[in-house]
Structures are given as C-alpha cells and as structure tokens.
Amino acid sequence: MDNDQLLEDYLDPELSELRLCERHSLTLAQLREAINAPEFTKALNDLETIRQQRAAHLASQAARSALARLAEITNTPLDHASASLIETVRKAAAA
C-alpha cells in the first residue's frame, strides 16, 4: 500500500470512506487499521506541523508584500494619477 497516496486521498474531502476503500483495495476494517497505524498517524502529525509552519511563513511574506505595496502607493504622486489608481489609494487608506 502506498501510504503517501493514502494520506493524500484521506485528506481529500471529496472522497468518501467507501471510495477510499475502493481506491486502495481495502475493506473498512483494513482502512481503519491503516489510518491508525503509527507511521500513518506520524505522517498526519508531521503534515499538520509543516502546514502550520508554512502558513506562518506565507503570512509573513504576504504582510511584507502588502506593506511594500502600500508604501509604493503612498509615495506615488496623485497629481496626474488615473482614476483607478486614486481609487486604489482611497481603498488602501480606508483599510
């Protein structure tokens, strides 16, 4: 059995438990045994840890990008700005 594929399918909300069994040629009892196996539960825990760490890093990057864009917008002279740029600045200032 391919644990990585089972893990991916297990986390797919579109797949029912019966479809998981069918896809991996397992009975319900075998599926229960597989998802309770130490290597499977460790993989689930590892994946959750990685997702949490990655989410924190991605949020940090997004915040830096947003601040850089806001600084760029606020330093743009509006004397000859387009209506869409003025609207963007207005929305950014209101946020």
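Along each chain, the written sequence defines residue order, and numbers are assigned to residues from 1. In view of the model being predicted, local features appear only for residues whose pLDDT reaches at least 70, and side-chain atom pairs are presented and counted only at 80 or more, with totals across whole chains, interfaces and linings using the full set of residues. Here the side-chain values reflect all heavy atoms present in the structure, with hydrogen atoms and water set aside.

Asker: So what exactly am I meant to see when it comes to the overall build of the protein chain here?
Answerer: Numbering goes from the N terminus for both helices and strands, where a helix is a DSSP run of H or I of at least four residues and a strand is a run of E of at least two. Broken down by element type, the protein chain carries five helices and zero strands. The order of helices and strands in the protein chain, counted from the N terminus, is α-α-α-α-α. Restricting the calculation to C-alpha atoms gives the radius of gyration, and the globule rule supplies 2.2 Å times the number of residues raised to the power 0.38. Its C-alpha radius of gyration of 24 Å places the protein chain more than 25% over the 12 Å reference for a compact globule of 95 residues. Principal-axis analysis of the C-alpha atoms places the extent of the protein chain at approximately 70 × 25 × 20 Å. When each of the 95 residues of the protein chain is scored for burial, the buried share is 16%. Between buried and exposed lies partly exposed: a residue is buried under 20% and exposed over 50% of the maximum accessible area for its type, with that area taken using a 1.4 Å probe on protein chains only.

Asker: Is there a simple way to think about unusual backbone geometry in this case?
Answerer: Trans is the prevailing form of peptide bonds, just as negative phi is the prevailing case for residues other than glycine. The backbone phi angle of serine 25 is positive, close to 55°, even though this residue is not glycine. Relative to the helices and strands, serine 25 is located in the loop between helix H2 (17-24) and helix H3 (28-36).

Asker: Hey, could you run me through the packing of H3 against helix H4 (residues 38-74) in this one?
Answerer: Packed helix pairs are specified by the crossing angle of their axes together with the interaxial distance, meaning the distance between the axes. Running from N to C, H3 and H4 cross one another at 60°; their axes reach a closest spacing of 5 Å. On the basis of their axis angle, the class for H3 and H4 is oblique. Together, Ala34, Ile35 and Asn36 of H3 and Pro38, Phe40 and Thr41 of H4 make up the contact between the two elements. Considered class by class, the residues forming the contact of H3 with H4 number four nonpolar, two polar and no charged. Between the N-to-C directions of two axes lies an angle of 0 to 180 degrees, each axis being a line fitted to C-alpha atoms and, for a helix, fitted only over the stretch in contact. Oblique is the label for any angle not under 35 degrees, not over 145, and not in the 65 to 115 range, which are roughly parallel, roughly antiparallel and roughly perpendicular in turn. Any two residues whose heavy atoms approach within 4.5 Å at even a single point are treated as in contact. Three categories are distinguished: nonpolar for Ala, Val, Leu, Ile, Met, Phe, Trp, Tyr, Cys and Pro, charged for Asp, Glu, Lys and Arg, and polar for the others, with Gly belonging to the last.

Asker: What's the story with the packing of aromatic side chains in this structure? I'm lost.
Answerer: The geometry of an aromatic ring pair is captured by two quantities: the separation of the ring centres and the angle between the planes. Ring pairs are drawn from Phe, Tyr and Trp, using the six-membered ring of Trp, whenever the two centres fall within 6.5 Å, and their geometry is named by plane angle: stacked under 30 degrees, edge-to-face over 60, tilted for the rest. Per the counting criterion, the structure on display carries one aromatic pair. Centroid distance tyrosine 10 to phenylalanine 40: 5.3 Å. Interplanar angle 85°. Geometry classified as edge-to-face. A residue pair is termed long-range when its members are at least 10 positions apart, and tyrosine 10 in helix H1 (residues 3-10) and phenylalanine 40 in helix H4 qualify at 30 residues.

Asker: Explain H3 here, please?
Answerer: A turn of α-helix holds 3.6 residues, and therefore any two residues three or four places apart point the same way. Residues Leu31, Ala34 and Ile35 constitute the buried set of H3. Taken end-on, H3 shows its buried residues confined to a sector of 90°, consistent with a single buried face. Residues of H3 that are exposed and angled more than 90 degrees away from the buried face: Arg32, Glu33 and Asn36. Those residues of H3 hidden inside the fold are in contact with H1, H2 and H4. The arc under discussion is defined with respect to the helix axis, by the directions toward the C-beta atoms.

Asker: How should the nonpolar core be read in this particular structure?
Answerer: Buried together is how nonpolar side chains tend to be arranged in soluble globular proteins. Put simply, a nonpolar core is a bunch of buried Ala, Val, Leu, Ile, Met, Phe, Trp, Tyr and Cys residues held in one set by side-chain atoms that sit within 4.5 Å of each other. Among the nonpolar cores identified, the biggest contains 11 residues, and these are Leu6, Leu7, Leu15, Leu20, Cys21, Leu26, Leu31, Ala34, Ile35, Ala37 and Phe40. Mapped by element, the contributors of at least two residues to this core are H1, H2 and H3. Per element, the largest residue contribution to this core is three residues, and it comes from H3. Residues contacting phenylalanine 40, with those up to four places away along its chain left out, are Asn3, Leu6, Leu7, Tyr10, Ala34 and Ile35.

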